[in-house]
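Remarks on the overall topology
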Amino acid sequence: MFTNPTLRRGWHRCLAGVAALALAGSLATAPAQAATSEAPGDNVLRIATDGFIDSFNPFTSFYLLPTNTFRYMYENLVANDAKDGSVTEGLATEWNTDDDGLVWTYQMRPDMKWSDGEPLTSKDVAWTYTQMMEKDEMAVANGSLVENFDKVEAPDDDTLVITLKKPQANNPGQEIPIVPEHVWSKIDKPGDFKNDKDSVGSGPFQLESYEANKSVTLKANPNFWRGKPKLDEIQYRYYTNSDAQVQAIRSGEVDFITGLSPEQFSALDGAENVDLNDGHGRRFNGISINPGVADAKGKEFGTGAKALKDKKVRQAIRAGIDVETLRKQVMQDYAQPATSFIPAVYPNWALKSDNPVISGFDVKKAKKLLDDAGWKEGDDGIREKDGKTLTLRFLTDADAPIEQSTAKFLAPWMKDIGIDLKNESTDVDTVSERTTKGDYDMYFSGWSINPDPDYQLSINTCGQRPDAEGNGGTSQDGWCNKEFDKLYQAQHVELDQAKRQDLVQKALAIHYEEAPSVTLWYPNQLEAYRSDRFDNFTKQPTDGGAIANQVGYWGYASVEPVSDEDAAGGGGIGTGGWIGIVAGAIIVLGGGGWLLSRRKKSDDRE
């Protein structure tokens, strides 16, 4: 599984569920196991999933499937366009800052309505942000995004003013779902609210119903400001395994599937009425190494091997892994080479491949690092120190073939440098529980990253480490480095784009050199859809990007039934209109910026 510790709660969020890998030979015979047999209408897009759902509360959940539905249910103050993820209009049509970069003023789109017909104004935005600033239970998922807010005011229905504590480089109106005050202010315990039916929002689709382990149904919002989508419904259908999902797309039982394994993707090539999309995604996969997890106050917990507190040992693990062979053999080249946790799809921020800190597969170097750390080879080749052997645990999801394949490569490579690596393969819930408690040495990790790096950098700071019960922050690697924290804060307030990029590069270099994790690759997002049922899916980025798991609602909001392309002239916004909107989106301000993001199993985490 692709995961990481503190994310435990978050990591396993799946959108359309990452299908486990299946052998091509098994695909043709694997029985589909849709949990619902309801017949779909022509305008119902059916998506296969096995995604984890804790709730549909946008203030608390950060799993992949819920957060992706949030992007269809709730607008942000500003959005990220489909073309390249840059900042574009959302609820606000334009914005500006004062000369000090402390006061951001937004002009709201006029005459907007919530899906229940009530007016949507700047007061809803101010109420949402203020709740997150004042109530811990409302700040679980995105609290770090309002930490720099001093106050938020709505002087009139069309204007919103955010006053920051310090200047901020990235637009503060990103990535926070705006909810209706007239609904949420009447909820006694909003942190416990599941929000799992009849939602009221501003996005193109609203949650109609949810049946655990059966289905999630979204219905079109007639009051969406871009116009009611051509689709009437989006229906996520649960399948017990990825083979069943693949068989379902073949048989026409579902219309869309994502997270295909390379084997599944290849096996679907040429399938009748099935089109494929090999998209560059916004995820990374890696191996998280327990650096000695502790809570935000430095109180250590868990069972991590003491040897891993020494960065030389962690660096030796990196040097002992032939990442390129793994990428080609395990991912069959359906993944991009990786440097850090910021994917190559964001070239302005990703750690440059020529950065001097980057090192490759080097067994000699790995052995020297372990020698320097005091671990000497024993008679059997396994290293020893103070009477103990260097034995580590690699925690993996037994149902995730990529993780199992990776483990098979890692064990002999680690033995070559003197580390006895034992694969502890178990179910995904156990992996999540153990990583939350710090009960691991290494595990397979992964996150989805948003266009601006600020959020992902923030969850690597010392203050974002949770306690042993998973309360508190959402750390990527359970790691803490004061110099990294300083660079995070510096880039957070640096308004000069070039200077900010340099600060981000330095922060990523420190994370690489400290090696609390080894980024393996940026997986391509392999997807398939029924071309005899729907078309006009929008990718992000539009040139070679993915359909699912976007930063925004472009992927499905533009979809049309192929048999009904010209029938929805009244009321719905056409394909051309969507494309025009996406391509022509105006970056009003904010430094042509890129934007931001964040994940039970590694694929469930955003």
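All values derive from a computational prediction rather than experimental measurement. (Residues numbered from 1 in each chain as written. Predicted model: local features only at pLDDT ≥ 70, side-chain atom pairs only at ≥ 80, totals over all residues. Heavy atoms only, no water.)

Quick word on the state of the cysteines
On inspection of all chains with the given rule, the structure shows one disulfide. Sulfur-sulfur distance for the disulfide between Cys462 and Cys480 comes to 2.0 Å. Taking the torsion about the S-S bond as the criterion, the Cys462 to Cys480 disulfide, at about 90 degrees, is right-handed. Here the residue Cys462 occupies a position in the loop between helix H13 (454-458) and helix H14 (482-493), and Cys480 occupies one in the loop between H13 and H14, the gap between them amounting to 18 residues. (Disulfide = S-S within 2.5 Å. Helix = DSSP H or I, 4+ residues; strand = E, 2+ residues; numbered from the N terminus.)

Some thoughts on the sheet that holds strand S7 (residues 159-164)
Overall, antiparallel pairing links the four strands, which are arranged S4-S5-S7-S6 in an open sheet. Two strands close off the open sheet at either side, each with one partner strand: strand S4 (92-97) and strand S6 (149-156). When strand polarity is set aside, the average angle formed by the axes of neighbouring strands in this sheet is 20 degrees. As defined by bridge partners, S4 adjoins strand S5 (residues 103-108) across five bridges and the pair is classed as antiparallel. (Pairing = 2+ DSSP bridges. Axes fitted to C-alpha atoms, helices over the stretch in contact; angles between N-to-C directions.)

Some remarks on the pattern of salt bridges
If you walk through the whole model with that rule in mind, you get 27 salt bridges. With a closest N to O distance of 3.0 Å, Lys311 and Glu513 form a salt bridge. Of the two residues, Lys311 is situated in helix H8 (residues 311-319) and Glu513 in helix H15 (residues 497-514); the sequence distance between them amounts to 202 residues. The closest approach of N and O atoms between Glu424 and Arg434, which form a salt bridge, is 2.7 Å. On the criterion of sequence distance, the pair formed by Glu424 in strand S19 (residues 420-426) and Arg434 in helix H12 (residues 428-436) is long-range, its members being ten residues apart. Shared partners join several salt bridges into a network, and the residues in it are Arg393, Glu424, Arg434, Asp439 and Asp441. (Salt bridge = Lys/Arg side-chain N within 4 Å of Asp/Glu carboxyl O.)

Some remarks on helix H10 (residues 363-372)
Every buried residue of H10 is accounted for by Ala366, Leu369 and Leu370. Buried residues of H10, viewed axially, fall in a sector of 95 degrees; they line one side. Among the exposed residues of H10, those oriented more than 90 degrees off its buried face are Lys364 and Lys368. Looking at the packing, one finds that the buried side of H10 touches H8, strand S16 (383-385) and helix H11 (401-417). Where H10 starts, the residue carrying a side-chain oxygen 3.3 Å from the main-chain nitrogen of Lys364 turns out to be Asp362. Just beyond H10, the residue with positive phi is Gly374, at close to 90 degrees. (Buried < 20%, exposed > 50% of the residue type's maximum accessible area, 1.4 Å probe, protein only. Arc of directions from axis to C-beta. Contact = heavy atoms within 4.5 Å. Polar contact = N/O pair within 3.5 Å; in protein donor to acceptor, adjacent residues only side chain to side chain.)

Comments concerning H12
Turning to H12, its buried residues number three or more, namely Val431, Ser432, Arg434, Thr435 and Thr436. In this structure Asp427 caps H12, since a side-chain oxygen of it lies 3.1 Å from the backbone nitrogen of Asp429. Positive phi shows up at Gly438, right after H12, with a value of about 70 degrees.

Remarks on the environment of Gln107
Note on placement: Gln107 falls in strand S5. Residue class for Gln107 comes out partly exposed when judged on its relative accessible area of 34%. Remark: the alpha-carbon pair of Gln107 and Trp95, spanning twelve residues in sequence, is separated by 6.1 Å. Setting aside anything within four residues of it in sequence, one finds Gln107 in contact with Ala92, Thr93, Glu94, Asp158 and Thr159.

Considering the packing of aromatic side chains
By the definition in use, this model includes 22 aromatic pairs. For the pair Trp95 and Tyr106, a centre-to-centre distance of 6.3 Å together with 35 degrees between the ring planes defines the contact as tilted. Of the two residues, Trp95 is situated in strand S4 and Tyr106 in strand S5; the sequence distance between them amounts to eleven residues. Accessibility assignment for this pair places Trp95 and Tyr106 in one class, buried. Taken together, a centroid distance of 5.2 Å and an interplanar angle of 70 degrees make the contact between Trp479 and Phe484 edge-to-face. Each of the two residues, Trp479 as well as Phe484, counts as buried. Among the aromatic side chains, those forming a connected cluster through ring pairs are Tyr72, Phe205, Phe256, Tyr529, Phe537 and Tyr556. Against the face of Trp225 rests Arg109, its NZ or CZ located 3.3 Å from the ring centre. The lysine or arginine in question, Arg318, covers the ring of Tyr512, its NZ or CZ lying 3.6 Å from the ring centre. (Phe/Tyr/Trp six-rings, centres within 6.5 Å; stacked < 30°, edge-to-face > 60°. Lys NZ or Arg CZ within 6 Å of the ring centre and 35° of its normal.)

Description of unusual backbone geometry
Residue Pro541 is reached from Gln540 by a cis peptide bond, and omega for that bond is -5 degrees. By the element assignment, Pro541 lies in the loop between strand S22 (534-535) and helix H16 (554-557). Of note, the phi angle at Asn273 is positive, near 65 degrees, even though the residue is not glycine. Among the secondary structure elements, Asn273 is positioned in the loop between helix H7 (262-268) and strand S12 (274-280). Classification of Asn273 as partly exposed rests on a relative accessible area of 32%.

Focus: the packing of H8 against H10
In a pair of packed helices, the angle between the axes and the distance between the axes together describe the arrangement. Where H8 meets H10, the axes come as close as 8 Å, and the angle between the chain directions of the two elements is 165 degrees. Relative to H10, the element H8 is oriented roughly antiparallel. In the packing of H8 onto H10, the handedness of the crossing is left-handed. Here Lys312, Val313, Gln315, Ala316 and Ala319 of H8 come into contact with H10, specifically with Val363, Ala366, Leu369, Leu370 and Asp372. Residue composition of the contact of H8 with H10, by class: seven nonpolar, one polar and two charged. (Parallel < 35°, antiparallel > 145°, perpendicular 65-115°, else oblique. Left-handed = near helix turned anticlockwise from the far one by under 90°. Nonpolar A, V, L, I, M, F, W, Y, C, P; charged D, E, K, R; others polar.)

Some remarks on the confidence of the model for the protein chain
This prediction gives the protein chain a mean pLDDT of 87; 86% of its residues lie at or above 70. Every residue in residues 1-38 is under pLDDT 50, and counting partners more than four places away or in other chains gives 224 contacts. This model gives residues 565-599 a pLDDT under 50, and the stretch forms 123 contacts once residues within four places in sequence are excluded. (pLDDT = per-residue confidence, 0-100.)

Looking at the sheet that holds strand S15 (residues 376-377)
Pairing is antiparallel in the open sheet, where three strands are placed in the order S15-S16-S17. Single-partner strands in this sheet number two, and they are S15 and strand S17 (388-389). Examined bridge by bridge, S16 and S17 share two bridges and lie antiparallel to one another. Residue pairing for S17: Lys385 is matched across the bridge by Lys388.

Remarks on the pairing of strand S8 (residues 205-211)
With six bridges connecting them, S8 and strand S9 (residues 215-220) associate as antiparallel partners. Across the sheet, residue Leu207 finds its bridge partner in S9, namely Leu218. Between S8 and the antiparallel strand that follows it, S9, lie three residues; Asn213 among them carries a positive phi value of about 60 degrees.

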